[in-house]
Amino acid sequence: DDQMERERASQPRAGGCCALAAIYLMGKFYVANAGDSRAIIIRNGEIIPMSREFTPETERQRLQFLALLRPELLGKEFTHLEFPRRIQPKELGKKMLYRDQNMNGWAYKKIEEDDLKFPLIFGEGKKARMMATIGVTRGLGDHDLKVFSSNIHIKPFLSCFPEVRVYDLTQYEHCPDDVLVLGTDGLWDVTNDKEVAAVVMEVLTSYEPNDPCRYTMVAQELVVRSRGVLKERGWRLANDKLGSGDDISVFVIPLGGPGNYT
């Protein structure tokens, strides 16, 4: 991330990205995630999460704490407090639910002038945005990203540090149907863990255990199903819901070889 910042002068490229990496080292998988991609292990039909998404909702308290410590980052346009909805000027002096960086639940406070500012985090689920701009809170780059029509930089709130989880392969016996699945948010936006596991089992059982292309075919099937089929009303899934409109990248990595089949 520091290198990307240094190279801005010679390579004026704006933008940023999330990062999800898996490293195999001395019998262990190290999975590092910075962003909203996701990794899961499917072992004997069991789903083992190997990452968690970093979004304005999941990192609310970290963001609010930073805003509290450095209020100048909010540019006098945002409040670090969270409310169930936008506050209206006519509600000044009234009591409303809120929560700050120390709270998991909600409490009441009297609405003041500062509470009329736009909230640091606004929206729910995939529509949640930090400073009304971005839906992820960790990643690489985005050093020049600013709030629309302002000089407020987003980068101070975007962490480039990943969360790392470790999986010890030596603790279990793995068969060829045990896999590590890495996918961008384009996959997970429309497909949950159980649905991914079902596709993995469905495709793998249609190939011989020693066929190396079986894992590539699983990845391809996950991409195709998440994109859907182009119809008059856009890309649609099998259940007629909207297909993923984001980029979809999927890796399927076997944890056991043919000789491990029992």
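Residues numbered from 1 in each chain as written. Predicted model: local features only at pLDDT ≥ 70, side-chain atom pairs only at ≥ 80, totals over all residues. Heavy atoms only, no water.

Peer 1: Would you mind showing me how to read the UniProt feature "domain: PPM-type phosphatase" (unreviewed entry) in the protein chain here?
Peer 2: Taken from the UniProt record, the annotation "domain: PPM-type phosphatase" (unreviewed entry) applies to residues 1-255. Here residues 1-255 is 18% helix and 26% strand, with 31 Å between the C-alpha atoms at its ends. (UniProt positions renumbered as here; feature names shortened; annotations may be inferred. Helix = DSSP H or I, 4+ residues; strand = E, 2+ residues; numbered from the N terminus.)

Peer 1: Help me understand the side chain of Arg60, please; the structure alone is not making it clear to me.
Peer 2: In this fold, Arg60 is placed in helix α2 (residues 60-69). A polar contact is formed between the side chain of Arg60 and the backbone oxygen of Asp100, at a distance of 3.1 Å. Among the polar contacts listed, one links the side chain of Arg60 to the backbone oxygen of Met103, at a separation of 2.6 Å. (Polar contact = N/O pair within 3.5 Å; in protein donor to acceptor, adjacent residues only side chain to side chain.)

Peer 1: I tried to follow the domain arrangement of the protein chain on my own but got confused; where do I start?
Peer 2: Where interface size is quoted, it is often the accessible area lost as the parts come together. By domain assignment, the protein chain separates into domain 1 (1-52 + 162-254) and domain 2 (59-141). Computed from C-alpha atoms alone, the centre-to-centre distance between domain 1 and domain 2 is 32 Å. Each side of the interface is counted separately: domain 1 has 14 residues, and domain 2 has six residues. Overall, the association of domain 1 and domain 2 removes approximately 800 Å² of surface from exposure, summing both partners, and the carbon and sulfur fraction of that is 55%. (Domains from an automatic or database assignment. Contact = heavy atoms within 4.5 Å. Buried area = accessible area lost by both parts, 1.4 Å probe.)

Peer 1: What should I look at first to understand the packing of aromatic side chains in this one?
Peer 2: For any pair of aromatic rings, geometry is given as the distance between the ring centres together with the angle between the planes. Summed over the entire model, instances satisfying the criterion amount to four aromatic pairs. Pairing Tyr24 with Phe29 gives two aromatic rings, centres 5.7 Å apart and planes at 65°, and the pair type is edge-to-face. Accessibility expressed as a relative area gives 52% for Tyr24, which makes it exposed. Since its relative accessible area comes to 8%, Phe29 is described here as buried. Measuring from centroid to centroid gives 5.8 Å for Tyr167 and Tyr172, while their planes differ by 10°, and the two rings are stacked. These aromatic residues form a ring-pair network of at least three members: Phe78, Phe118 and Phe122. Positioned over the ring face of Phe54 is Arg138, at 3.9 Å from the centre of the ring. (Phe/Tyr/Trp six-rings, centres within 6.5 Å; stacked < 30°, edge-to-face > 60°. Buried < 20%, exposed > 50% of the residue type's maximum accessible area, 1.4 Å probe, protein only. Lys NZ or Arg CZ within 6 Å of the ring centre and 35° of its normal.)

Peer 1: How should I be thinking about the pairing of strand β5 (residues 46-49) in this particular structure?
Peer 2: If a strand is regular, its side chains alternate between the two faces of the sheet. The pairing of strand β4 (residues 38-43) with β5 spans four bridges and is antiparallel. Each bridged residue has a counterpart across the sheet, and for Ile40 the counterpart in β5 is Pro49. Taking the residues between adjacent antiparallel strands as the criterion, β4 and β5 are bridged by two residues, where Asn44 takes a positive phi near 55°. (Pairing = 2+ DSSP bridges.)

Peer 1: When you look at the state of the cysteines in this model, what are you seeing that I'm missing?
Peer 2: Disulfide: a covalent bond connecting the sulfur atoms of a pair of cysteines. All chains considered together, the criterion is met by zero disulfides. Here Cys17 is not disulfide-linked; the sulfur of Cys18 is the nearest cysteine sulfur, at 7.0 Å. You can call Cys17 partly exposed: its relative accessible area is 41%. (Disulfide = S-S within 2.5 Å.)

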